[in-house]
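In case you want the letters, here they are:
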Amino acid sequence: MPAAKKTAPARAAHSRAGEPENARTVAREDKSTLEKRLNRIEGQVRGIARMIEDDRYCIDVLTQVSAVQSALDALALRILEQHLHGCVQHAVKSGSGDHAIAEALQVIRKFGR
């Protein structure tokens, strides 16, 4: 008997405390660009797995790991930029800026580790 497929929970039209969906999500026009970046990163990770499988030279593998880390950092910064210009800006204008700024700072600190 096949295993039951797990599905992600449905997302609500409002992602946080009554804010419109577009105030808390990645800009639609940039979504395909981000998806392309993620697909490229996914390919890089698969390439690293093949390198390990093929017993490639450690420095070559580590170089590729570093490239993936840099690509993920660039992706995260782009999403953060969109968040600050969209979500946080919207929150400030609607009077809930303190929470949005604290939330942004919390995630920024994670990148500083």
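Residues numbered from 1 in each chain as written. Predicted model: local features only at pLDDT ≥ 70, side-chain atom pairs only at ≥ 80, totals over all residues. Heavy atoms only, no water.

(A) Quick look at the environment of R37. Here R37 lies in helix α1 (residues 28-53). Dropping the residues within four chain positions of it, R37 is found in contact with A74, L75 and R78. (Helix = DSSP H or I, 4+ residues; strand = E, 2+ residues; numbered from the N terminus. Contact = heavy atoms within 4.5 Å.)

(B) The nonpolar core, seen in detail. Within the largest apolar cluster, seven residues are counted, these being L34, I41, I48, M51, V61, V68 and L75. Where this core is concerned, the elements lending two or more residues are α1 and α2 (58-93). Per-element accounting of this core gives the leading share, four residues, to α1. Sequence-distant contacts of I41, defined by excluding residues within four places in its chain, comprise V68, A71, L72 and L75. (Core = buried A, V, L, I, M, F, W, Y, C linked by side-chain atoms within 4.5 Å. Buried < 20%, exposed > 50% of the residue type's maximum accessible area, 1.4 Å probe, protein only.)

(C) Representation of the packing of α2 against helix α3 (residues 97-111) within the structure. Between α2 and α3, the shortest axis-to-axis distance is 9 Å and the interhelical angle comes to 165°. With respect to α3, the element α2 is oriented roughly antiparallel. Crossing of α2 over α3 shows left-handed handedness. Contacts from A76, L80, H83, L84, V88, A91 and V92 of α2 reach α3 at G97, A100, I101, E103, A104, V107, I108 and F111. (Axes fitted to C-alpha atoms, helices over the stretch in contact; angles between N-to-C directions. Parallel < 35°, antiparallel > 145°, perpendicular 65-115°, else oblique. Left-handed = near helix turned anticlockwise from the far one by under 90°.)

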